[in-house]
Amino acid sequence: MTKTGKLLTRRNCILSFFLYFILAVLVLTAAPFIGSEPIHPGVIFLDIFGNSGGWSADTMIFVYQRVPRVLLGFLVGGSLALVGGVLQMILRNPLAAPATLGLTGAGSVGAVLAISITPLSISWGPFSTVQLFALLGSAMALGAIYLMARSPQGISMNTLLLAGVMIGIICGAVIPLIRFLAHPNYLVAMDRWMMGGLDVIGYRELAGLFPFLLPGVGLLFMQMTALNHLSLGEEMATGQGVNVAAVQRVSFIAGSLSVAGVVSIAGPIFFVGLIVPHCVRRISGFDHRIVLPGTFLAGGAFLVFCDIFARTIIAPTEMPVGIITAILGGPFFIYLLMKKK
């Protein structure tokens with residue numbers, strides 16, 4: 001819907017989507033060439049498509065470091081923004097974000113616990129020990145929240161919100177306890193992981209992300225029409241044939257699946273799911289046919305841009321991208337609080 005409450009026409013939806021798509025393409029195209037060490041496109045082109053007999057150092061960095069990092073940043077940012085936009089709708093809370101589910105804190109507990117027992121080495125396919133423990137923590141939180149929020153009428157959104165917040169608070173207390181008991185040599189690795197980051201080499205992490213994002217993001221996109229009806233109120237949506245309880249349940253599970261996958265690989269990256277959906281709604285209105293895909297594309301572009309800044313601001317040292325999003329998101333969060341007041 002637009003600010004006047006009218007649904008966007010198909011032509012306007014396509015035009016709006018095209019603008020977000022162009023933004024994402026521009027950022028994805030430029031980002032791999034930006035960093036502490038400049039990479040020349042001509043060298044990359046000749047190495048890949050020419051007959052040079054071997055790849056240069058620039059091409060190796062481009063293919064195995066820059067490209068997977070940019071793709072990971074885009075998928076992580078897009079997923080967090082998408083989940084944040086859906087949660088703000090179904091919870092009727094403009095301050096809702098992926099961390100509201102409590103899965104971010106639970107996944108962090110699992111990851112910190114794995115780091116504290118580093119000698120234990122477990123891997124399953126593309127997943128490392130830290131990722132497996134983070135996924136386990138998120139899964140336990142998902143089960144607990146669902147059991148607490150489930151009722152004969154469906155999922156209670158108020159209970160869901162409170163349960164997620166309380167689990168986040170509990171996890172926030174457990175993490176310092178683990179750090180206190182852990183060997184001092186592991187504290188730096190814990191702190192580094194808790195800042196959130198996209199520093200990857202190769203495509204293993206991307207392979208571990210797809211099993212969660214493909215079903216999670218796909219199910220959220222399938223709710224676009226139902227969310228448009230739900231935005232008018234639960235009674236109105238029910239009168240139009242929408243199974244409100246089913247939409248809420250699917251949105252919660254799909255969002256949880258996406259967040260769990262993201263946290264297990266990139267760590268806790270905050271505020272992307274809070275900032276981007278509000279910006280997209282302010283620009284394009286409230287029709288979820290454009291809000292959801294627009295939020296995904298804009299969220300991905302936003303996090304990739306933040307990562308460019310993180311990689312270059314104190315080059316050759318890299319700053320965790322979670323610090324950048326927190327610096328940008330903190331003032332925006334205060335603005336939302338004051339506006340709501």
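Below, the structure is looked at part by part. (Residues numbered from 1 in each chain as written. Predicted model: local features only at pLDDT ≥ 70, side-chain atom pairs only at ≥ 80, totals over all residues. Heavy atoms only, no water.)

1. Points about the overall build of the protein chain
Point 1. When helices and strands are counted, the protein chain shows 14 helices and 2 strands.
Point 2. At 21 Å, the protein chain has a C-alpha radius of gyration in line with the 20 Å of a compact globule built from 341 residues.
Point 3. In terms of principal-axis extent, the alpha carbons of the protein chain reach across some 65 × 55 × 40 Å.
Point 4. Across the 341 residues in the protein chain, those meeting the buried criterion constitute 50%.
Point 5. In the protein chain, the share of contacts with a sequence separation of at least 24, taken over all contacts with a separation of at least 6, comes to 75%.
Point 6. Surface accessibility of the protein chain: about 16,300 Å² in total, with carbon and sulfur atoms responsible for 71%.
Point 7. Averaging the coordinates of the 19 positive side-chain charges in the protein chain and doing the same for the 11 negative ones gives two points 15 Å apart. (Helix = DSSP H or I, 4+ residues; strand = E, 2+ residues; numbered from the N terminus. Rg over C-alpha atoms; globule rule 2.2 N^0.38 Å. Buried < 20%, exposed > 50% of the residue type's maximum accessible area, 1.4 Å probe, protein only. Contact = heavy atoms within 4.5 Å. Areas by Shrake-Rupley, 256 points an atom, 1.4 Å probe, with all protein chains shown as cover. Lys, Arg positive; Asp, Glu negative; His and termini not counted. Charge placed at Lys NZ, Arg CZ, Asp CG, Glu CD.)

2. Quick word on the environment of Ile275
Point 1. With respect to the helices and strands, Ile275 occurs in helix α12 (residues 272-284).
Point 2. Distance in space between the C-alpha atoms of Ile275 and Leu95 is 9.4 Å, their sequence separation being 180 residues.

3. Digging into the side chain of Arg69
Point 1. Note on placement: Arg69 falls in helix α3 (residues 57-90).
Point 2. Under the relative-accessibility criterion, Arg69 is labelled buried at 9%.
Point 3. Each residue touching Arg69, except ones within four places of it in the same chain, is listed here: Leu198, Asp199, Val200, Asp307, Arg311 and Glu318.

4. Here's the deal with the packing of helix α5 (residues 129-149) against helix α6 (residues 157-181)
Point 1. Contact geometry of α5 with α6 gives a least axis separation of 9 Å together with a crossing angle of 145 degrees. Crossing handedness for the pair α5 and α6: right-handed. Touching Ala141, Ala144, Ile145, Met148 and Ala149 of α5 are Thr159, Leu160, Ala163, Gly164 and Ile167, all from α6.
Point 2. In the contact of α5 with α6, the residues fall into 8 nonpolar, 2 polar and no charged. (Axes fitted to C-alpha atoms, helices over the stretch in contact; angles between N-to-C directions. Left-handed = near helix turned anticlockwise from the far one by under 90°. Nonpolar A, V, L, I, M, F, W, Y, C, P; charged D, E, K, R; others polar.)

5. Points about the packing of aromatic side chains
Pairs of aromatic rings are described using the distance from one ring centre to the other and the angle between the two planes.
Point 1. In this structure the tally under the stated criterion is 9 aromatic pairs.
Point 2. Ring geometry for Phe17 versus Phe21: centroids 6.3 Å apart, planes at 20 degrees, classification stacked. Of this pair, Phe17 and Phe21 are both found in helix α1 (residues 10-30), 4 residues apart, which corresponds to roughly one turn of the helix.
Point 3. Overall, Phe21 belongs to the partly exposed group, its relative accessible area being 39%.
Point 4. Ring centres 6.3 Å apart and planes at 45 degrees place the aromatic pair Trp55 and Tyr64 in the tilted group.
Point 5. Judged by its relative accessible area of 38%, Trp55 falls in the partly exposed class.
Point 6. The exposure class assigned to Tyr64 is partly exposed, which follows from its relative accessible area of 36%.
Point 7. An aromatic cluster of at least three residues, connected via ring pairs, comprises Phe74, Phe221 and Phe296. (Phe/Tyr/Trp six-rings, centres within 6.5 Å; stacked < 30°, edge-to-face > 60°.)

6. Thoughts on the packing of α3 against helix α13 (residues 288-312)
Two packed helices can be described by the angle between their axes and the distance between those axes.
Point 1. One way to put it is that α3 packs onto α13 with a least axis distance of 7 Å and a crossing angle of 135 degrees. It follows that α3 is oblique to α13 by the angle criterion. In the crossing of α3 with α13, the sense of the turn from one axis to the other is right-handed. (Parallel < 35°, antiparallel > 145°, perpendicular 65-115°, else oblique.)

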